[in-house]
Amino acid sequence: MKLLIPDMNCGHCVATIEDAVKSADPAAIVRPDLTRHTAEIDTTVSSAALSQILADAGYPSTALEDGTS
């Protein structure tokens, strides 16, 4: 799934997001794009749970439709 994460703007942000996602799904793959403040995340975690995980980590997110940047 592709997410808009407006507050993600540095390597520390990416590391925090990756740690939060991998705490729920160690096999998850996180592909951040700092320029667009987006991340593509391949995970077995539901989108609602993932949104909550990111919000709890301090990074509220919005799901994007495929092809949206």
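Residues numbered from 1 in each chain as written. Predicted model: local features only at pLDDT ≥ 70, side-chain atom pairs only at ≥ 80, totals over all residues. Heavy atoms only, no water.

Draft legend 1. Spatial organisation of the nonpolar core. Core analysis: the largest hydrophobic core is formed by 15 residues, its most contacted members being Ile5, Ile17, Val21, Ile41, Leu50 and Leu54. Sort the elements by how many residues they give to this core and helix α1 (residues 11-24) lands first, with 4 residues. Beyond its immediate sequence surroundings of up to four residues, Leu54 is in contact with Leu3, Ile5, Ile17, Val21, Tyr59, Pro60 and Ser61. (Core = buried A, V, L, I, M, F, W, Y, C linked by side-chain atoms within 4.5 Å. Buried < 20%, exposed > 50% of the residue type's maximum accessible area, 1.4 Å probe, protein only. Helix = DSSP H or I, 4+ residues; strand = E, 2+ residues; numbered from the N terminus. Contact = heavy atoms within 4.5 Å.)

Draft legend 2. Summary view of the sheet that holds strand β1 (residues 2-4). Spatial strand order, β2-β3-β1-β4: 4 strands in an open sheet with antiparallel pairing. Among the strands making up the open sheet, the edge pair consists of β2 (29-33) and β4 (62-64). The sheet shows a mean angle of 30 degrees between the axes of neighbouring strands, direction not considered. Pairing of β1 with β4 involves 3 bridges; the strand directions are antiparallel. What sits directly across from Lys2, in β4, is Leu64. (Pairing = 2+ DSSP bridges. Axes fitted to C-alpha atoms, helices over the stretch in contact; angles between N-to-C directions.)

Draft legend 3. Spatial organisation of the pattern of salt bridges. A full pass over the atoms with the stated rule returns 3 salt bridges. The salt bridge involving Arg31 is made with Glu40; its shortest N-O contact spans 3.5 Å. Overall, Glu40 belongs to the partly exposed group, its relative accessible area being 36%. The network of salt bridges with shared partners includes Arg31, Glu40 and Asp42. (Salt bridge = Lys/Arg side-chain N within 4 Å of Asp/Glu carboxyl O.)

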